[in-house]
Protein chains: 4
Amino acid sequence: MKSKICAGVYGGSGYAGLDLVELLWRHPQIELAFATSNTYAGDSVPGTNLHYVSPDSVALENVDVIFLALPHKASAAMAKRGMDEGVKVVDLSADLRIDTPEAYERSYHSPHPHPELLPRPYGLPEINRENVNGADVVATPGCYPTTALLGIYPLLVTEALCEDSPVIIDAKSGVTGAGRKPSLTTHFAEVYSNLIPYKTGRSHRHLGEIEQEAHKISDRIGPIIFCPHLLPVDRGLMTSIYVTLNEGLESDQMHDLYSEMYDDEALVDVLPAGEQATLRHAVKTNKCVISITPVLPRHAHITSVTDNLRKGAASQAVQNMNLMFGLKETLGLI
Amino acid sequence: MKSKICAGVYGGSGYAGLDLVELLWRHPQIELAFATSNTYAGDSVPGTNLHYVSPDSVALENVDVIFLALPHKASAAMAKRGMDEGVKVVDLSADLRIDTPEAYERSYHSPHPHPELLPRPYGLPEINRENVNGADVVATPGCYPTTALLGIYPLLVTEALCEDSPVIIDAKSGVTGAGRKPSLTTHFAEVYSNLIPYKTGRSHRHLGEIEQEAHKISDRIGPIIFCPHLLPVDRGLMTSIYVTLNEGLESDQMHDLYSEMYDDEALVDVLPAGEQATLRHAVKTNKCVISITPVLPRHAHITSVTDNLRKGAASQAVQNMNLMFGLKETLGLI
Amino acid sequence: MKSKICAGVYGGSGYAGLDLVELLWRHPQIELAFATSNTYAGDSVPGTNLHYVSPDSVALENVDVIFLALPHKASAAMAKRGMDEGVKVVDLSADLRIDTPEAYERSYHSPHPHPELLPRPYGLPEINRENVNGADVVATPGCYPTTALLGIYPLLVTEALCEDSPVIIDAKSGVTGAGRKPSLTTHFAEVYSNLIPYKTGRSHRHLGEIEQEAHKISDRIGPIIFCPHLLPVDRGLMTSIYVTLNEGLESDQMHDLYSEMYDDEALVDVLPAGEQATLRHAVKTNKCVISITPVLPRHAHITSVTDNLRKGAASQAVQNMNLMFGLKETLGLI
Amino acid sequence: MKSKICAGVYGGSGYAGLDLVELLWRHPQIELAFATSNTYAGDSVPGTNLHYVSPDSVALENVDVIFLALPHKASAAMAKRGMDEGVKVVDLSADLRIDTPEAYERSYHSPHPHPELLPRPYGLPEINRENVNGADVVATPGCYPTTALLGIYPLLVTEALCEDSPVIIDAKSGVTGAGRKPSLTTHFAEVYSNLIPYKTGRSHRHLGEIEQEAHKISDRIGPIIFCPHLLPVDRGLMTSIYVTLNEGLESDQMHDLYSEMYDDEALVDVLPAGEQATLRHAVKTNKCVISITPVLPRHAHITSVTDNLRKGAASQAVQNMNLMFGLKETLGLI
């Protein structure tokens, strides 16, 4: 390996791509070789001395790792190319997150473009670190699954959830979560002063991903009810999680459980008992911040927040990359 | 009675008071005689040709009705004075909403200033119209209870809720809900771009009010888990309600139930199946807008929204006043 | 004439069109027959019992007046059709605002589609009422020209401006001013927390319109320096105007001049001396609100605000329509 | 000198103080010893392992430099104490910015509390670096003067301004500029969706400071017309400056002039011709960003933006401190 890792970003002009570029540009072990953009090819890449290049114009021979911040389907094709050329791949799309082509098709309503690529390690290091270490290809989870799964992980591991009761996830996301492509949904005047539930019921694509990963940890969990909302802010994601516990744990023991379980995690903060996690705790940080509120002995309210573009996308991709190359996991992130 | 009803507003410079003044000023059967303000006495009352007067300077002999948009405790004292002088009273504070002094003290952590005034009709006309008709004194419910109770009322009446499961109310309120008194909590730079859970667990004062009224309709309801959030907008209130049904009702029957039950209610809109209620549906209207989303056969998600200053305060007060004087309930409101 | 005026709105799903529909729907002398939308044909028109129709499907035989809230060029073609069919036309586009095809081409960089239609009365009633009264076709001015011209009109009429000094117009507009068509410019995440000067120098299309109308009143005016900014709010438009006076007037006489000149104008408010016009003074009203601040004897600062969708578009169109049909000018507007 | 400079912050819980703490905490040559707060004494200092201390409880014997982010008057008293104890002082208040007690009293309407301290170097390094180098006490300019003066400095140095014409400064500031003390002015619901001119005419305190410093560079300048506005965002400050040039310079030469003059300045960016400086160019950076727009040969529009809490306060204070101790000027800032 060269002294620095040579990295490229595909989809470097979207919101996640822009944060990725910012993080990689100042990462001490990374040399950022290129960032692609179809729309902005030729324009300068903000905060760097690079110019966007067309994805087709890039040669990968000297590249060690590529980050894919592309739409799903386009991402799988590029992942395949990277793998074929012996380059490590950190995928931020959904294409490698779902374990089977069948499950992918259920959530994304069209066949997986490269089913032979599945399954791949699910890059949520706090849960799945051992599979990411040294891997060549890693799927970086979406913002909702990251925030929600870290919010319930200690209850899954300890099998403390009541199986007969749903886990309610009322989620609120800043508008960058909807991508940079203009649409009426993201028009300023439609979002401003508003709060909009969307893809309710069981229709949001991230629900399958949450269920898949939750059930890998434990099957002792009731149905997950997931309702996302579009929040009139630019970035930040809050999941408000309401759980019912079984007899194994009382709600006022949860704070100790979470504190202990995340004690060694540099990128997860459990707030002191009585403090509430707000959006601002996480925005522009690379952390997931969690607060625990016992409500009744068997009922609790957990607030888990991230920056949807950081721990929900770009910084988690860098965290995975660090592990894939055997670097310190938090290098360039704290 | 004189040709027009002569009305006065106490606390006319707070946010609810300002909306109340606006609604009463254009109400066809009301002559607004005065609006009080300690802070702004002498200043002109926005949108009118009145000037704020000090509350102490007002005589009530020619007044038919007073609206109290005062802090709790101050409100009870003024309600008593109004009653003593034979004036009808529409109270917007909490002082007359709780049925017993004991329950009041539990929620408000100090003795009720005038326990002899309790109980009074709870002015949520869609639920409780018969007690408001012709009454002399009515307590107008708070914004959270109004929005939440209208969101679950059809399930309470039909006893369709599973008693063993909690009713989850994840609520989000615009900043005017916190009042006009300056504080760090309402400082622009603290709220902007943020989302803040507050008074979580069982600590919010409105929880007792919600429970009291829900249980009057039916005891077949599990524990209510209520978590409010401060939303970075000026007005509007959304309650996201997650319910578990018993065997008596499937979630895909709920839309018909709600549509039928609210069919005659001019100030409650049930959206067509598949549409989601957003904050903007209710802001600057006098309505509660509700959407129903079946998630699983026994699980559903209800979104109920109001303008916290209108159906959550001022317009509901006017609606009550209309009923107290035998006017058309929606006069001046649609 | 039928008992009510039968009106139609072309372009009824854009932001100005939506406000127009709202105003016409509750106008006591109007029966709104249709609102067109290419994008939303078939959908219900918010706040009404109508459904959007395709513009091609509309017959005009029973229609008295059409409002054109269309893109420029499309508007001229429709205006021509309306005129040919004997229907009155209130145009909200730029197509009929510019007096000559040559001037139009200078500002809009393409030939006027129907030069034979020019010139038409410029529908800023406070300045130009006599030309609007009873007219068959009226061009409703843009939001920037309306707000700016009302802000300097008294100085133009009295020829009080120093000809050697520029008139500086620093303008700030809410995002609805940029239209409802999605673009990166209006993407929530691009506008939020930002403030963006645009079309600076002499490049904004409204500059020619402001100059044309100012010079009709008086040639004794220096160059107009106009700089618009995109403000992170949904609606409202502020022009901050900095003027140098000639010897004929001192800045502390301006407040009297403005107060007198606008004394009879129901839709222009001159604030008391010392008060500043804020965006909120005008938003959701049909008024232009003006404050005057003398700075030095020959220098003054004028703030003129409107709601860009109301007095800057829809309500001014209705005001013009009232005059065109001989109705009370403010009918349906106050 | 010890290996690291030992620093303390007075007023560490205000908005400027919080940014100062953040910058000093990660500054490679600073050891932050304490941050004071009357209101929050005992609470933890965000982002650090310190706790706020009461200002009275601090001993200065081992301290090398204190930063004063205090209200004016309180600041002068603390500056005096620091000087008496031989500690370097970086003052962020107005107390040391004005050269004479008389001028101070004109702007602040009360006598200077310690007239013997005046005058002190005005710490705008790009203009005044030589006086800051090695100084013991430096006054850090306010946000408006910094942003405005950097915007016109090249025209002052080259005496290119027309003396008979005013310099118009239309300024817009985020709400943190108004401080953290709660007031109705900074209440979320008053600012949201609004735009508010304030302290217009000649009443804003920063006007005298701008005039004082401009005239030190050149007397060939007309009157300064300064109008600030409160912008509904949390941070960022834009000055829109409109100038008239004399015969010595044409507006299309300005871009070269500015580019050259600021070429070596790491903390001032002149954008390429044709690009406009937006608020976002500066927010959360330590830079002043400037764009130049020629409008007519003698008239130009300059946009100068900063983060009011950074280059308009905290980062400029650190920049000054670096110079006072002979460190690299941009240490800890880029």
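Residues numbered from 1 in each chain as written. Chains lettered and ligands numbered in written order. Predicted model: local features only at pLDDT ≥ 70, side-chain atom pairs only at ≥ 80, totals over all residues. Heavy atoms only, no water.

Enquirer: Can you break down the overall build of chain A residue by residue, with the values?
Expert: For chain A, the count of helices and strands is ten helices and twelve strands. What you see for chain A is a C-alpha radius of gyration of 19 Å, in line with the 20 Å of a compact globule of 334 residues. Overall, chain A is about 60 × 45 × 40 Å in size when its C-alpha atoms are taken along their principal axes. Relative to its full complement of 334 residues, chain A shows a buried share of 63%. In chain A, the share of contacts with a sequence separation of at least 24, taken over all contacts with a separation of at least 6, comes to 69%. Summing over all exposed atoms, chain A offers an accessible surface of approximately 11600 Å²; the carbon and sulfur share of this is 49%. (Helix = DSSP H or I, 4+ residues; strand = E, 2+ residues; numbered from the N terminus. Rg over C-alpha atoms; globule rule 2.2 N^0.38 Å. Buried < 20%, exposed > 50% of the residue type's maximum accessible area, 1.4 Å probe, protein only. Contact = heavy atoms within 4.5 Å. Areas by Shrake-Rupley, 256 points an atom, 1.4 Å probe, with all protein chains shown as cover.)

Enquirer: Provide a residue-level description of the environment of Thr239 of chain C, including the pertinent values.
Expert: Residues and elements named next belong to chain C. Along the chain, Thr239 falls in strand 9 (residues 237-244). Judged by its relative accessible area of 0%, Thr239 falls in the buried class. Excluding anything up to four places from it in sequence, Thr239 contacts Thr147, Ala148, Ile169, Asp170, Ala171, Ile302, Thr303 and Ser304.

Enquirer: Help me get a handle on the environment of Val53 of chain B, residues and values and all.
Expert: Looking at where Val53 of chain B falls in the secondary structure, it is placed in the loop between strand 2 (30-35) and strand 3 (65-68). Apart from residues no more than four positions distant in its own chain, Val53 of chain B is found in contact with Phe34, Ala35, Thr36, Ser37, Ala41 and Val58 of chain B.

Enquirer: Please provide a residue-by-residue account of the relation of the copies chain B and chain A, values included.
Expert: Of the transformation placing chain B onto chain A, the axial shift is 0.0 Å and the rotation is 180°, giving an RMSD of 0.0 Å. Such a combination of rotation and displacement between the chain copies is what one expects of a two-fold axis. A share of 100% of interface residues in chain B that are also interface residues in chain A marks the association as one of identical surfaces. (Least-squares fit on C-alpha atoms with pLDDT ≥ 70 in both.)

Enquirer: Help me get a handle on the sheet that holds strand 12 (residues 299-306) of chain A, residues and values and all.
Expert: Residue and element names in this part refer to chain A. Here we have seven strands laid out as an open sheet, ordered 7-8-6-9-12-11-10, and mixed in their pairing. In this open sheet, the two strands that pair with only one neighbour each are strand 7 (196-197) and strand 10 (268-270). Pairing geometry for strand 7 and strand 8 (residues 224-230), over two bridges, is antiparallel. Note that in strand 8 the partner of Pro197 across the bridge is His229. Where helix 5 (residues 143-157) meets the sheet, it contacts strand 6 (167-173), strand 8, strand 9 (237-244), strand 10, strand 11 (288-296) and strand 12, and its direction lies at approximately 35° from that of strand 9. Sitting on the sheet, helix 8 (residues 254-261) touches strand 10, strand 11 and strand 12, and the angle it makes with strand 11 is about 160°. (Pairing = 2+ DSSP bridges. Axes fitted to C-alpha atoms, helices over the stretch in contact; angles between N-to-C directions.)

Enquirer: Give me the side chain of Gln316 of chain B: which residues, what numbers.
Expert: Structurally, Gln316 of chain B is set in helix 10 (residues 314-324). In terms of polar contacts, Gln316 of chain B uses its side chain to reach the side chain of Thr146 of chain B, at 2.9 Å. (Polar contact = N/O pair within 3.5 Å; in protein donor to acceptor, adjacent residues only side chain to side chain.)

Enquirer: Help me get a handle on the packing of aromatic side chains, residues and values and all.
Expert: Under the defined criterion, the tally for this structure stands at 32 aromatic pairs over all chains. Summarising the aromatic geometry, the rings of Tyr10 of chain C and Phe34 of chain C are spaced 5.4 Å apart at their centres and angled 80° between planes, so their arrangement reads as edge-to-face. With Tyr10 of chain C in strand 1 (residues 5-10) and Phe34 of chain C in strand 2 (residues 30-35), the pair connects residues that are 24 residues apart, well separated along the chain. Both residues of the pair, Tyr10 of chain C and Phe34 of chain C, belong to the buried class. Where Tyr153 of chain D meets Tyr262 of chain D, the ring centres are 6.5 Å apart and the plane angle is 40°; that geometry is what we call tilted. Placement of the pair is Tyr153 of chain D in helix 5 (residues 143-157) and Tyr262 of chain D in the loop between helix 8 (254-261) and strand 10 (268-270), with a sequence separation of 109 residues. By relative accessible area, Tyr262 of chain D is classed as buried at 3%. Among the aromatic residues, those joined into a cluster by ring pairs are Phe188 and Tyr192 of chain A, Phe188 and Tyr192 of chain B, Phe188 and Tyr192 of chain C together with Phe188 and Tyr192 of chain D. The ring of Phe325 of chain A is capped by Lys88 of chain A, whose NZ or CZ atom sits 5.0 Å from the centre of that ring. (Phe/Tyr/Trp six-rings, centres within 6.5 Å; stacked < 30°, edge-to-face > 60°. Lys NZ or Arg CZ within 6 Å of the ring centre and 35° of its normal.)

Enquirer: Requested: an account of the environment of Gln276 of chain D, with residues and values cited.
Expert: When you line up the elements, Gln276 of chain D lands in the loop between strand 10 and helix 9 (279-282). The exposure class assigned to Gln276 of chain D is buried, which follows from its relative accessible area of 14%. The spatial distance from the C-alpha of Gln276 of chain D to the C-alpha of Glu247 of chain D is 26 Å, given a sequence separation of 29 residues. Ignoring anything within four residues of it in the chain, the contact list for Gln276 of chain D reads Pro197 and Thr200 of chain C together with Leu271, His281, Ser291, Thr293, His301 and Thr303 of chain D.

Enquirer: Can you explain the interface of chain B and chain A? Please cite residues and give values.
Expert: In many analyses, interface size is given as the accessible surface area lost on bringing the parts together. With 39 residues of chain B at the contact, the number on the chain A side is 39 residues. Here chain B and chain A share an interface that buries about 3200 Å² over both sides, 66% of which is from carbon and sulfur atoms. In terms of surface lost to chain A, no three residues of chain B exceed Leu195, Tyr242 and Arg280 of chain B, which account for 19% of the buried area on that side. Our count for the contact surface shared by chain B and chain A stands at two salt bridges. (Buried area = accessible area lost by both parts, 1.4 Å probe. Salt bridge = Lys/Arg side-chain N within 4 Å of Asp/Glu carboxyl O.)

Enquirer: Pulling in residues and values, what's your account of the pattern of salt bridges?
Expert: If charged atoms from side chains of opposite charge come close, those side chains can pair. One pass over the structure, following the stated rule, counts 84 salt bridges over all chains. Here Arg310 of chain B and Asp19 of chain B are joined by a salt bridge, their closest N and O atoms 2.7 Å apart. With a gap of 291 residues between them, Arg310 of chain B in the loop between strand 12 (299-306) and helix 10 and Asp19 of chain B in helix 1 (residues 15-25) connect regions that are remote in the sequence. Assigned by exposure class, Arg310 of chain B and Asp19 of chain B land together as buried. Ionic pairing is found between Lys216 of chain C and Asp99 of chain C, a salt bridge with its closest N-O pair at 3.0 Å. Of this pair, Lys216 of chain C sits in helix 7 (residues 206-217) while Asp99 of chain C sits in the loop between strand 4 (88-91) and helix 3 (101-108), and the two are 117 residues apart along the sequence. Its relative accessible area of 46% is what places Lys216 of chain C among the partly exposed residues.

Enquirer: Any details on the side chain of Arg180 of chain C? Residues and values, ideally.
Expert: Along the polypeptide, Arg180 of chain C turns up in the loop between strand 6 (167-173) and helix 6 (188-191). Side-chain polar atoms of Arg180 of chain C contact the side chain of Glu190 of chain A, separated by 3.1 Å. At 2.6 Å, the side chain of Arg180 of chain C and the backbone oxygen of Ser13 of chain C are in polar contact. Discounting chain neighbours no more than four positions away, the residues touching Arg180 of chain C are Leu184, His187 and Glu190 of chain A together with Ser13, Gly14, Tyr15, Leu18 and Tyr40 of chain C.

Enquirer: Before we move on, can you summarise the sheet that holds strand 10 of chain D with the specific residues and values?
Expert: Pairing in this open sheet of seven strands is mixed, and the strands run 7-8-6-9-12-11-10 (chain D) from one edge to the other. Of all the strands in the sheet, just strand 7 (196-197) and strand 10 of chain D have a single pairing partner and so form its edges.

Treat this as a map of the structure, not an account of what it does.
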